[in-house]
Protein chains: 2
Amino acid sequence: MEIRALVFDVFGTVVDWRSGVAREVRRQLPGVDAEAFADAWRGRYVPSMDRVRRGEQPWTSLDDLHRASLDELLAEFGVPGVPADARAELVLAWHRLTPWPDSVAGLTRLKERYVIASLSNGNVALLVDMAKHGGLPWDTVLSAELFGHYKPDPEVYDGAARLLGLPPERVLMVAAHTSDLAAARARGLRTAYVHRPAEHGPAATPPPGADPEADVSVASLTELATRLSA
Amino acid sequence: MEIRALVFDVFGTVVDWRSGVAREVRRQLPGVDAEAFADAWRGRYVPSMDRVRRGEQPWTSLDDLHRASLDELLAEFGVPGVPADARAELVLAWHRLTPWPDSVAGLTRLKERYVIASLSNGNVALLVDMAKHGGLPWDTVLSAELFGHYKPDPEVYDGAARLLGLPPERVLMVAAHTSDLAAARARGLRTAYVHRPAEHGPAATPPPGADPEADVSVASLTELATRLSA
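Residues numbered from 1 in each chain as written. Chains lettered and ligands numbered in written order. Predicted model: local features only at pLDDT ≥ 70, side-chain atom pairs only at ≥ 80, totals over all residues. Heavy atoms only, no water.

Colleague: Honestly, the pattern of salt bridges in this entry has me stumped. Any pointers?
Modeller: A side chain with one charge can pair with a side chain of the opposite charge if their charged atoms come near. Residue and element names in this part refer to chain A. According to the stated counting rule, one finds 38 salt bridges over all chains in the structure shown. Put simply, Arg 54 and Glu 56 hold a salt bridge, and the shortest N to O gap is 2.5 Å. No difference in accessibility class separates Arg 54 from Glu 56, as the two residues are exposed. Between Arg 67 and Asp 71 there is a salt bridge, with its nearest N and O atoms 3.2 Å apart. In this pair, Arg 67 and Asp 71 both sit in helix α4 (residues 62-76), four residues apart, roughly one turn of the helix. (Salt bridge = Lys/Arg side-chain N within 4 Å of Asp/Glu carboxyl O. Buried < 20%, exposed > 50% of the residue type's maximum accessible area, 1.4 Å probe, protein only. Helix = DSSP H or I, 4+ residues; strand = E, 2+ residues; numbered from the N terminus.)

Next up, the structure:
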């Protein structure tokens, strides 16, 4: 079966969350170690979604999860008295992340030949803002929010194929995280791994250079376009 | 409150369904009055959705409603022996409709200043195909399918504002049909009427030139862009 649609993880795969969040932290919270704050905030991402995934908390958008973990982190980092509007701007930093240098060029080429959509845990409004900010040329935004389930719940991958009107084997999931790809593969999607060694900063252990379980492993979205003849 | 997002009815407002469907009818069903067939097919649109809206039928995508009414119409028009692949191509005609001459230019200008999204009873796959076919530059595709309700059910308008992360008064519904606008207004959205006198063909009674209840009435999406300083 020929691939018809590509769905993309966004944070880390298409955009650089770490430097974008750190930039806003420097602006709003002078004196705070901005990269450490960004890492700690991202560190709360999976645990906060897992509470929703386990049913311990009703559906909560990623914006609202980000806001709750920000309030906790400000206490943990000992930053008192941050006003509501500065907290709101910090949460909006996740809407204004910068694409990796190859992302817009790669997506633009892939869009000529395939349907391209986000498939992110970010809420729809976040993803729409991000696409406008960074020039991401999605055919449409697909989000965990549409399914009331966070990745890696199967409902997200199944729902994406259903909304695109395609059997799962005609949909290629593109991500920089092998766990996301493994969950997509378990639902019958095809998978492409993108190596993003800078995602967690220069001091972090780099991710694997390739995913042997994926249909294809690449170092950029432009390389993916070339591999898929787009 | 400033308008932040525009959501668009699609069939008749952004694209010309009648000539696109008639074109495919001529190709697949030689000898059939193509415009009469297109009109009759569209005539079954509201009754077929109303069965879903009244709960007499579970959620059914517009593609599937189109397919069921096509089967009925072929019998009614006395066209026997149309093979499955020709029926499938006829249903796909609704995915490949041509934009009105001002649509792409108007949307492209509006996108510079606003979030622009479809808000159509067409299913997501139909709207994605149509956008690629016609070059409609949506920021994202919003569809009745995402809410499990067809317009004019309130869930569709409420759901669009919720997914866009906006209060309804910051969302402008754009449509060529006063009933759609009235339903949007009842949910707190702002409204723009587009006069599309050619929608139902030259022999039909033309729609009103303006909607006195709407915030603005225009004759094209380029005029809408000008009125909204885009």
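Colleague: Hey, could you run me through the environment of B:Val79 in this one?
Modeller: Residue and element names in this part refer to chain B. Mapped onto the elements of the fold, Val 79 is located in the loop between α4 (62-76) and α5 (84-93). Here the alpha-carbon distance between Val 79 and Pro 30, two residues 49 residues apart in the chain, equals 10.0 Å. Sequence-distant contacts of Val 79, that is, excluding residues within four places in its chain, are made with Leu 29, Val 32 and Leu 74. (Contact = heavy atoms within 4.5 Å.)

Colleague: Looking at this model, I keep getting lost on the interface of chain B and chain A. Mind explaining?
Modeller: Note on interface size: it is often stated as the accessible area lost on association of the parts. Listed per partner, the contact involves 18 residues of chain B and 18 residues of chain A. Between chain B and chain A, the buried area comes to about 1500 Å², and carbon and sulfur atoms account for 57% of it. Viewed at the interface, chain A and chain B are joined by four salt bridges. Salt-bridge contacts for A:Asp139 lead to B:Lys132; the nearest nitrogen and oxygen are separated by 2.6 Å. Viewed at the interface, chain A and chain B are joined by 13 residue pairs in polar contact (both at pLDDT 80 or more). Sorting the residues of the side of chain B that touches chain A by element identifies α7 (124-134) and β5 (140-143) of chain B as the ones contributing at least two each. Class assignment for the residues of the side of chain B that touches chain A results in 10 nonpolar, two polar and six charged. (Buried area = accessible area lost by both parts, 1.4 Å probe. Polar contact = N/O pair within 3.5 Å; in protein donor to acceptor, adjacent residues only side chain to side chain. Nonpolar A, V, L, I, M, F, W, Y, C, P; charged D, E, K, R; others polar.)

Colleague: So what exactly am I meant to see when it comes to unusual backbone geometry here?
Modeller: All names here are of chain A. Between Lys 151 and the following residue, Pro 152, the backbone shows a cis peptide bond with an omega angle of 5°. Its location among the elements puts Pro 152 in the loop between β5 (140-143) and α8 (154-164). Of note, the phi angle at Ser 229 is positive, near 60°, even though the residue is not glycine. Note on placement: Ser 229 falls in the segment after α10 (221-227). A relative accessible area of 52% places Ser 229 in the exposed class.

Colleague: Which parts of the structure should I look at to understand the sheet that holds strand β6 (residues 171-175) of chain B?
Modeller: Through backbone hydrogen bonds, the strands of a sheet pair up, either in parallel or in antiparallel fashion. Residue and element names in this part refer to chain B. One open sheet holds the six strands; their spatial order is β5-β4-β1-β6-β7-β8, and the pairing between them is parallel. Looking at strand neighbours, the two that pair on one side only are β5 and β8 (216-218), the edges of this open sheet. On average, adjacent strands in this sheet sit at an angle of 25° to one another, irrespective of strand direction. Pairing between strand β7 (residues 190-194) and β8: three bridges, direction parallel. Across the sheet, the residue bridging to Ala 192 is Val 216, located in β8. (Pairing = 2+ DSSP bridges. Axes fitted to C-alpha atoms, helices over the stretch in contact; angles between N-to-C directions.)

Colleague: I would appreciate a short explanation of the domain arrangement of chain A in the present structure.
Modeller: All names here are of chain A. The domain boundaries assigned to chain A delineate domain 1 (5-16 + 97-227) and domain 2 (17-93). Contact with domain 1, which involves 22 residues of that partner, is made by 19 residues of domain 2. Interface area, domain 1 with domain 2, both sides summed: about 1700 Å², of which 53% is carbon and sulfur. Counting the surface domain 1 buries against domain 2, the share from its top three residues, Asp 16, Leu 97 and Tyr 150, is 35%. Across the domain 1-domain 2 interface, the total number found is one salt bridge. The shortest N-O distance in the salt bridge between Asp 153 and Arg 53 comes to 2.8 Å. Of the residues in the side of domain 1 that touches domain 2, the class split is eight nonpolar, nine polar and five charged. (Domains from an automatic or database assignment.)

Colleague: Mind showing me how you'd approach the relation of the copies chain B and chain A here?
Modeller: The two chain copies are related to each other by a rotation about an axis together with a translation along it. Least-squares fitting of chain B to chain A yields an RMSD of 0.0 Å, with the transformation described by 0.0 Å of translation along the axis and a rotation of 180°. The two molecules are tied by a two-fold rotation axis, judged by turn and shift. For chain B, the residue whose C-alpha comes nearest the rotation axis is B:Thr140, separated from it by 2.2 Å. Take the interface residues of chain B: 100% of them recur as interface residues in chain A, which is what a same-surface contact looks like. (Least-squares fit on C-alpha atoms with pLDDT ≥ 70 in both.)

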